[in-house]
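# Observations on the model geometry
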Amino acid sequence: MADHKKLDLLGISAFCESMGMMTRAGIPVSEAVSLMSSGQNNKGQLQEALTEMEKHVEEGNSLAGAMKISGIFPEYAEKMVEAGESTGKLEDILFRLSSYYKEQYSINRKLRSVIIYPTAMIIMIIIVLLIMLFAVLPSFSEVYKTLTGNISSGSYAYINIAYIFCWVVLGLMVLLVAAVIIGLLMWRGNGKRTVEKVLAKNKTCAALLEDMALYRFTSAYEVYLASGAMQDEAVIDALKMVDYEPVEEKIRQVIRRMEEGVGFAQAANDIGLYEPIYCRMLIPGERSGNTDDVLRRLNELLANDCADRTEKLTGTIEPLLSGILMITIAIALLSVMLPLIGIMNSIG
């Protein structure tokens, strides 16, 4: 297998959509891959992988096999394409995969904004504090010492309060940045479960993590069903996409209920996998044979829930950090203005 870096989510979505459109037009897979390869103007990662895929498809490999050999696609996409080819539903699977990875990209981008914007605000606060501590406050201190001989005299003691306040806030901001960096390193390493447990202590974060896990599961479950998998097999396979312990445990309970002969929709309702309103969508949809349509609609709702909770989280953090910044500046300014007012009063 070629040693290539994995393709990003948007790239996978674009590839699946392009292949789906060409498959719908009746273009053979080998020709479709060749057209995509020739359509790439740059000599980057995707071009190299497509050239390699073109060669393997022409040698008689399936699209899924060529994708696996290229090494740039996630295992889930490879497995779904393989299922689509074996069941004759390749076109449908490709479009579903395109939609899935596009939504994943959108959600991940919003999550990055939750981290990047507050981190930028914290860094801005740190810079302001450093300027106050090493430029503004010392300058005023020297002026007042010249006038009084002692910075602790009378109203000039306010500057000492400003120093203490700025150092305390600076310490908290540095600790916060360190916590974010450590959290990101743990998330990408072996400490993801620990970070999730910490985040889950906040209701908004816990709800967001749960919605994201449910979205990944439901999307995978929908695609597995579309590929022709049996309902119980689809649930078991989709469980691998969750990667969030509380939701994983609920799905295992759903599987146990299904082993007792209960359908997925009813089992999900009994366990409380989804909100009650979503379960009321699933049960009649499953009984009427419209499971695919209901799951597609449920995926849209879950994606919207993820977006709404992400915006809510951002909306909570932004004013909080802005408030800290304004309060810090206000206290620092007051601390240097009050002595100045005292001096003006004594002169008057």
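Predicted, not measured: the structure shown is a model, and the values here were computed from it.

Once that is clear, we can look at the layout of surface pockets. A water-sized probe, rolled over the atoms, reveals where empty space remains. Here the second largest pocket defines a volume of roughly 240 Å³. In this structure, the second largest pocket is lined by 14 residues; those nearest its centre are Arg96, Ser99, Glu222, Arg296 and Asn299. Going through the elements one at a time, α6 (90–148), α9 (203–226) and α14 (291–347) are the ones with two or more residues in the lining of the second largest pocket. No other element matches the 6 residues that α6 contributes to the lining of the second largest pocket. Here the lining of the second largest pocket is composed, by residue class, of 5 nonpolar, 3 polar and 6 charged.

This paragraph deals with the pattern of salt bridges. Per the stated rule, a full pass over the model turns up 18 salt bridges. Notably, a salt bridge pairs Glu91 with Arg24, separated by 3.0 Å at the nearest N-O pair. Placement of Glu91 in helix α6 and of Arg24 in helix α1 (residues 9–24) is noted, with a sequence separation of 67 residues between them. What makes Glu91 partly exposed here is its relative accessible area of 28%. Among the ionic contacts, a cluster of salt bridges with common partners joins Asp92, Arg96, Glu222, Asp292, Asp293 and Arg296.

Turning to the side chain of Ser219, a few remarks are in order. By the secondary structure assignment, Ser219 is in helix α9. In contact with Ser219, not counting residues within four places along its chain, are Tyr76, Tyr100 and Asn299.

Further remarks concern the environment of Tyr244. Checked against the element boundaries, Tyr244 lands in the loop between α10 (231–239) and α11 (245–259). Look at Tyr244 and you get buried, because its relative accessible area is 6%. Linking Tyr244 and Phe73, residues 171 residues apart in sequence, is a C-alpha distance of 22 Å. Ignoring any residue separated from it by four or fewer positions in sequence, one finds Tyr244 in contact with Arg193, Glu196, Ala200, Ala206, Leu209, Glu210, Ala213 and Arg216.

This part takes up the packing of helix α5 (residues 75–87) against α9. Their axes nearest at 10 Å, the elements α5 and α9 cross at an angle of 25 degrees. Considered as vectors, α5 and α9 are oriented roughly parallel to each other. When you trace α5 past α9, the crossing you get is left-handed. Note on element contacts: α9 touches α5 through Ser219, Ala220, Val223 and Tyr224, opposite Tyr76, Lys79 and Met80.

All told, the structure shown has 10 aromatic pairs when counted by the stated rule. Ring-pair connections join several aromatic residues into one group, and the members of that group are Tyr76, Tyr100, Tyr101, Tyr215 and Tyr224.

Turning our attention to the nonpolar core. By size, the foremost hydrophobic cluster in this structure holds 77 residues, and its most contacted members are Phe15, Tyr76, Phe217, Phe264, Leu273 and Tyr274. Among the elements that take part in this core, α9 stands out by supplying 14 residues, more than any other. The contact partners of Phe217, leaving out residues within four places of it in the chain, are Val235, Ala238, Leu239, Val242, Ile251, Phe264, Leu273 and Tyr274. Among the nonpolar cores identified, the runner-up in size contains 19 residues, and Leu129, Leu133, Ala162 and Leu325 belong to it.

Glancing now at helix α4 (residues 63–70). An α-helix turns once per 3.6 residues; consequently, residues spaced three or four apart project the same way. For α4, the full list of buried residues reads Leu63, Ala64, Ala66, Met67 and Ser70. Considered in projection along α4, the buried side chains sweep an arc of 160 degrees and stay on one side of the axis. A positive backbone phi angle near 80 degrees is found at Gly71, which sits one or two residues after α4.

Taken together, the side chains of Tyr158, Ile161, Leu334 and Leu338 define a hydrophobic patch exposed on the protein surface, amounting to about 360 Å² of accessible area. As for its position among the elements, Leu334 is in helix α14.

Bringing the confidence of the model for the protein chain into the picture now. When pLDDT drops low, the exact placement of atoms in the prediction is not to be read closely. Confidence in the prediction of the protein chain, expressed as mean pLDDT, is 81, and 90% of residues score 70 or more. When mean pLDDT is taken per element in the protein chain, α11 scores highest with 91 and α14 scores lowest with 77.

Thresholds applied
Residues numbered from 1 in each chain as written. Predicted model: local features only at pLDDT ≥ 70, side-chain atom pairs only at ≥ 80, totals over all residues. Heavy atoms only, no water. 1 Å grid on protein atoms, 1.4 Å probe; cavity = no way out; pocket = protein on both sides within 12 Å on 5 of 7 lines; lining within 4 Å. Points joined across faces, edges and corners; volume = space filled by probe spheres on them. Helix = DSSP H or I, 4+ residues; strand = E, 2+ residues; numbered from the N terminus. Nonpolar A, V, L, I, M, F, W, Y, C, P; charged D, E, K, R; others polar. Salt bridge = Lys/Arg side-chain N within 4 Å of Asp/Glu carboxyl O. Buried < 20%, exposed > 50% of the residue type's maximum accessible area, 1.4 Å probe, protein only. Contact = heavy atoms within 4.5 Å. Axes fitted to C-alpha atoms, helices over the stretch in contact; angles between N-to-C directions. Parallel < 35°, antiparallel > 145°, perpendicular 65-115°, else oblique. Left-handed = near helix turned anticlockwise from the far one by under 90°. Phe/Tyr/Trp six-rings, centres within 6.5 Å; stacked < 30°, edge-to-face > 60°. Core = buried A, V, L, I, M, F, W, Y, C linked by side-chain atoms within 4.5 Å. Arc of directions from axis to C-beta. Patch = residues over 30% accessible without salt bridge, like charges linked within 9 Å, V, L, I, M, F, W, Y side chains within 5 Å. Areas by Shrake-Rupley, 256 points an atom, 1.4 Å probe, with all protein chains shown as cover. pLDDT = per-residue confidence, 0-100.

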